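Geometric and topological summary
Given next are the chains, with one letter for each unit.
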Amino acid sequence: MGDLNDGLRTPGALMLGGGNPAAIPEMLDYFSETTRKMLSSGELVAAMANYDGPQGKDTFVKGLAALLKETYGWDISEKNISLTNGSQSAFFYLFNLLAGKQPDGSHKKILLPLAPEYIGYCDSGIQDDIFVSYKPEIELLDNQQFKYHVDFSQIEIDDSVAAICASRPTNPTGNLLTDEEVYKLDKLAKKHNIPLILDNAYGTPFPNIVFEHATPFWNDNTILCMSLSKLGLPGVRCGIVIANEEITQALTNINGIIGLAPGSIGPTIAQHMIESNDLLRLSDDVIKPFYQQKSAQAISLLQSAIPDPRFRIHKPEGAIFLWLWFDELPITTMELYQRLKARGVLIVPGEYFFFGQQEKEWQHSKQCLRMNYVQNDEDMQNGIKIIAEEVIKAYS
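Residues numbered from 1 in each chain as written. Predicted model: local features only at pLDDT ≥ 70, side-chain atom pairs only at ≥ 80, totals over all residues. Heavy atoms only, no water.

**Looking at empty space enclosed by the protein**
Note the cut-off: For cavity detection a 1 Å grid was placed over the protein atoms alone, and a set of points counts as a cavity when a 1.4 Å probe fits there but cannot get out; an open set counts as a pocket when protein lies on both sides within 12 Å along at least five of seven lines, with lining residues being those that have an atom within 4 Å of a point. Grid points are joined across faces, edges and corners, and a volume is the space filled by probe spheres set on the points.
In this structure the tally under the stated criterion is three cavities of 30 Å³ or more. There is about 50 Å³ of room inside the largest cavity.

**A look at a negative patch on the surface**
Quick reminder of the rule: Two joining distances apply to patches: 9 Å for like charges and 5 Å for nonpolar side chains (Val, Leu, Ile, Met, Phe, Trp, Tyr), and every residue must have over 30% relative accessible area and no salt bridge. Note on areas: these come from Shrake-Rupley sampling with a 1.4 Å probe, and a residue is covered only by the protein chains present in the view. Each salt bridge in this description consists of a side-chain nitrogen of Lys or Arg and a carboxyl oxygen of Asp or Glu lying within 4 Å of one another. Charged residues are defined narrowly, with Lys and Arg counted positive, Asp and Glu counted negative, and His plus the chain ends left uncounted. Just so you know, the charge point we use is NZ for Lys, CZ for Arg, CG for Asp and CD for Glu. The numbering of helices and of strands both runs from the N terminus, where a helix is a DSSP run of H or I of at least 4 residues and a strand a run of E of at least 2.
A grouping of E26, D29, D284 and D285 is seen on the molecular surface, where their side chains present a negatively charged patch. Inspection of the secondary structure puts E26 in helix α2 (residues 25–41).

**With respect to the packing of helix α9 (residues 279–305) against helix α11 (residues 377–395)**
Each pair of packed helices can be summarised by the angle the axes make with each other and by the distance between the axes. What counts here: Helix axes are fitted to C-alpha atoms over the stretch in contact, other axes to C-alpha atoms as well, and angles between N-to-C directions run from 0 to 180 degrees. Each crossing gets its hand from how the near helix is turned against the far one by less than a right angle, where anticlockwise is left-handed and clockwise is right-handed. The contact rule is simple, with two residues in contact once any of their heavy atoms fall within 4.5 Å. Three residue categories are used. Nonpolar comprises Ala, Val, Leu, Ile, Met, Phe, Trp, Tyr, Cys and Pro, charged comprises Asp, Glu, Lys and Arg, and polar comprises the others, including Gly.
The N-to-C vectors of α9 and α11 enclose an angle of 35°; their axes lie 9 Å apart at closest approach. The element α9 and its partner α11 pack so that their crossing is right-handed. Of the residues in α11, those touching α9 at K294, Q297, A298, L301, L302 and A305 are D377, M380, Q381, I384, A388 and I392. Class assignment of the residues belonging to the contact of α9 with α11 gives a composition of eight nonpolar, two polar and two charged.

**What to know about the sheet that holds strand β6 (residues 137–141)**
Condition: DSSP bridges decide pairing: two strands pair if at least two such bridges lie between them.
Spatially, the six strands line up as an open sheet ordered β6-β7-β12-β13-β16-β15, and their pairing is mixed. If you trace the sheet from one side to the other, it starts and ends with β6 and β15 (348–349), each paired once. Pairing analysis gives three bridges linking strand β12 (residues 311–314) to strand β13 (residues 321–326), with the strands arranged antiparallel. Following the sheet pairing, F311 is matched in β13 by F326.

**Structural notes on a nonpolar patch on the surface**
A contiguous nonpolar surface patch, about 350 Å² in accessible area, is contributed by L39, V45, M48 and I265. With respect to the secondary-structure elements, V45 resides in helix α3 (residues 43–49).

**Some points on helix α5 (residues 87–98)**
Rules: For a helix, the expected span equals 1.5 Å multiplied by the number of residues minus one.
Its twelve residues give α5 an end-to-end C-alpha distance of 16 Å, which sits within 8% of 16 Å, the value for a rise of 1.5 Å per residue. Trailing α5 by a residue or two, G100 shows a phi angle of about 90°, which is positive.

**Points about the pattern of salt bridges**
Counted only if it meets this: Three exposure classes are used, based on accessible area relative to the maximum for each residue type with a 1.4 Å probe and protein chains only: buried under 20%, partly exposed in between, and exposed over 50%.
Counting across every chain of the model gives 19 salt bridges. In this structure, D58 and K62 form a salt bridge, with 3.2 Å as the shortest nitrogen-oxygen distance. One end of the pair is D58 and the other is K62, both in helix α4 (residues 58–72) and four residues apart, which spans about a single turn. What makes K62 partly exposed here is its relative accessible area of 42%. Two residues, K109 and D129, come together in a salt bridge whose shortest N-O distance is 3.2 Å. Pair noted here: K109 is in strand β4 (residues 107–112) and D129 is in the loop between β4 and β5 (131–133), with a separation of 20 residues, a long-range link. Each member of the salt-bridge network shares a partner with another, and the members are R343, K385, E389, E390 and K393.

**Details of the pairing of strand β16 (residues 368–372)**
β16 sits mainly inside the fold: five of its five residues count as buried. Taking every second residue as pointing to the same face, both faces of β16 are buried, with C368, R370 and N372 on one and L369 and M371 on the other. Alignment of β13 against β16, held across five bridges, turns out to be antiparallel. Along β16, the bridge assignment pairs L324 with L369.

The structure is reproduced here in structure tokens:
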């Protein structure tokens, strides 16, 4: 994050590492027009000038519950939804609520069924060693691609596991858990009387940066975490947690203790989107096709620039990143990261995403990079050109 911040201040730096969403012209125009109307009506100033309750803006919580119940038939009400200041805060609250040292002296962990997993979880425990993760099965595909699958034969759940957690689609790889994998994880969680946490920051129904079939999933044993960030509103810091009433009340209490109340501006804008029937429409018709086109364009550039057969890309199934695998690379991707950084290209080395592993040395984890594909066409072309030059140099 320090390097990314330095890069933002460095003229000419090619920022292919961070998670900022794309500046989609149609979405920027929509937010400009919407907030202009809300400013004129006084709604926006009212949101800035008043606290909400610790559960979050009441009108948005009720409006979202009604939308999800009507659209998907979920047994849900406003008592099942709480807001946080960004989904990163939500995971900090959830992980430390469920895992770590317990009142009886035991130590609980969060089980990640498929690593690599989101880097933002890694250091979120107040105490150390709160994750256990498992290597995936790797399926080699045509067109220089591959895909990760959950290896259910590896997964062991005992009394030390407090919850199962997975992102869908996954940051960093763009992997999308299949419906079957989600149903199996749900069955495992219920069998062991622990919750299933699904990180839906990029998922369906909004922002719906999903390029394969995925059925929206929730029940009262599922903690579904969503966000307004990838709609194009990362600055409003609004996370959404959909859970049973006990979890909702616990998160509401934590909000009250730590921050009094979540921010109001994001929920106010999102409630306007629900009332205008724009939230799901824009996700389906604007956001999803924009990212799908950008992803395909970046893959074409990469495959043309790096013809080496040892180079593969994880099948792009969603999210805003491509996961690049350089098999048999003579250097680690940490070293490749430093070489690219010296040339003004910032990506993220793969080693960081394999936390919680029982086996510390897995060569694959040192052969992968996370690259975002959301920058403008010129920056993407220049960045990929430099990546290709450094990879070819390393292979040679």
